[in-house]
Amino acid sequence: DAGITQSPRHKVTETGTPVTLRCHQTENHRYMYWYRQDPGHGLRLIHYSYGVKDTDKGEVSDGYSVSRSKTEDFLLTLESATSSQTSVYFCAIRDPLGDTEAFFGQGTRLTVV
Amino acid sequence: RKEVEQDPGPFNVPEGATVAFNCTYSNSASQSFFWYRQDCRKEPKLLMSVYSSGNEDGRFTAQLNRASQYISLLIRDSKLSDSATYLCVVNMNDYKLSFGAGTTVTVRA
């Protein structure tokens, strides 16, 4: 299995509080992604990173920010959590060389009450 | 129009049956294609890549039709352990992977 871990695995938080999710990899892959998965929508890209300090928005980036200060860590922050951000969040990593697949972390189940 | 669309199913089949389903994609410039498997409340995992000439991995066969912009997955001799959601994944450009919403397959004894 690819070396990718997410923390925390589960979190319940209150509306309006900030939340940070962490993704850590040991594969030295350049690309890292944050997705959310909701019933009927599949996986939707929130933000991605193509290198240290290089990030860009995905299709559902409103209300989220990211940071990547070193290759192995990609942080996702909800500045002020809302109930609509209750979801399962997956981090993924990918080596851009060749048509390679993405490897996923185990997911973080976030509930905003 | 969604970038990647799949029949959500569910496909409910008996053990030993063959089941097949498709996925369509909108971007004709898409570069590479994958099928992932996702078990309930778990992360997606690669099932197989899809090559232009079609490819087979044991009981699983994937096909790509670039002219009609779809890929397919066929599962032969279904096992109970094949019950899962199958995600179609398309590499739209250098960084972007687009996911279908998934096709649910349930294999019954």
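The preceding data block contains the structure.
Residues numbered from 1 in each chain as written. Chains lettered and ligands numbered in written order. Predicted model: local features only at pLDDT ≥ 70, side-chain atom pairs only at ≥ 80, totals over all residues. Heavy atoms only, no water.

Just to check I follow, could you spell out the sheet that holds strand β7 (residues 60-65) of chain B for this structure?
Whenever strands of a sheet pair, they do so through backbone hydrogen bonds, lying parallel or antiparallel. Residues and elements named next belong to chain B. Read from one edge to the other, the open sheet built from five strands follows the order β1-β3-β8-β7-β6, with strand pairing classed as antiparallel. The sheet is open, and its two edges are formed by β1 (4-6) and β6 (55-57), each paired on a single side. Strand-to-strand, the axes of this sheet are offset by a mean angle of 20°, without reference to chain direction. (Pairing = 2+ DSSP bridges. Helix = DSSP H or I, 4+ residues; strand = E, 2+ residues; numbered from the N terminus. Axes fitted to C-alpha atoms, helices over the stretch in contact; angles between N-to-C directions.)

Teacher, can you tell me more about the state of the cysteines here?
Each disulfide consists of one covalent bond between the sulfur atoms belonging to two cysteines. Residues and elements named next belong to chain B. In total, this model carries two disulfides over all chains according to the counting rule given. The residue that forms a disulfide with cysteine 23 is cysteine 88, at a sulfur-sulfur distance of 1.9 Å. In this structure, the disulfide formed by cysteine 23 and cysteine 88 twists by about -65° around the S-S bond and is classed as left-handed. Taken together, the positions of cysteine 23 in strand β3 (residues 19-25) and cysteine 88 in strand β9 (residues 84-91) put the pair 65 residues apart, joining distant regions of the chain. Each member of the pair, cysteine 23 together with cysteine 88, is buried. (Disulfide = S-S within 2.5 Å. Buried < 20%, exposed > 50% of the residue type's maximum accessible area, 1.4 Å probe, protein only.)

What is the right way to read the interface of chain A and chain B from this model?
Interfaces are frequently sized by the accessible area removed from exposure as the parts join. Counting residues at the interface gives 22 residues for chain A and 20 residues for chain B. The tally of links from chain A across to chain B stands at zero salt bridges. The tally of links from chain A across to chain B stands at three residue pairs in polar contact (both at pLDDT 80 or more). Sorting the residues of the side of chain A that touches chain B by element identifies β4 (31-38), β5 (42-51) and β9 (87-94) of chain A as the ones contributing at least two each. A per-class count over the side of chain A that touches chain B returns 10 nonpolar, seven polar and five charged. (Contact = heavy atoms within 4.5 Å. Salt bridge = Lys/Arg side-chain N within 4 Å of Asp/Glu carboxyl O. Polar contact = N/O pair within 3.5 Å; in protein donor to acceptor, adjacent residues only side chain to side chain. Nonpolar A, V, L, I, M, F, W, Y, C, P; charged D, E, K, R; others polar.)

Whenever I open this one, the sheet that holds strand β1 (residues 4-7) of chain A confuses me. Can you help?
Residues and elements named next belong to chain A. As summarised here, the arrangement of the four strands in space is β1-β3-β8-β7, forming an open sheet in which the pairing is antiparallel. Among the strands making up the open sheet, the edge pair consists of β1 and β7 (64-70). Averaged over all neighbouring strand pairs, the angle between strand axes comes to 20°, with direction disregarded.

Which parts of the structure should I look at to understand the nonpolar core?
Nonpolar side chains tend to gather and get buried jointly when the protein is soluble and globular. Counting residues in hydrophobic clusters, the biggest one holds 24 residues, and the most contacted among them are Phe21, Trp35, Ile71 and Tyr86 of chain B. Elements with a contribution of two residues or more to this core: β3, β4 (32-38), β5 (45-50), β7, β8 (70-75), β9 and β11 (103-108) of chain B. Not counting chain neighbours up to four residues away, the residues in contact with isoleucine 71 of chain B comprise Phe21, Asn22, Cys23, Tyr25, Phe33, Phe34, Trp35, Val50, Gln63, Leu64 and Cys88 of chain B. Ranked by size, the runner-up nonpolar core spans 19 residues in total, among them Ile4, Val19, Trp34 and Val112 of chain A. (Core = buried A, V, L, I, M, F, W, Y, C linked by side-chain atoms within 4.5 Å.)

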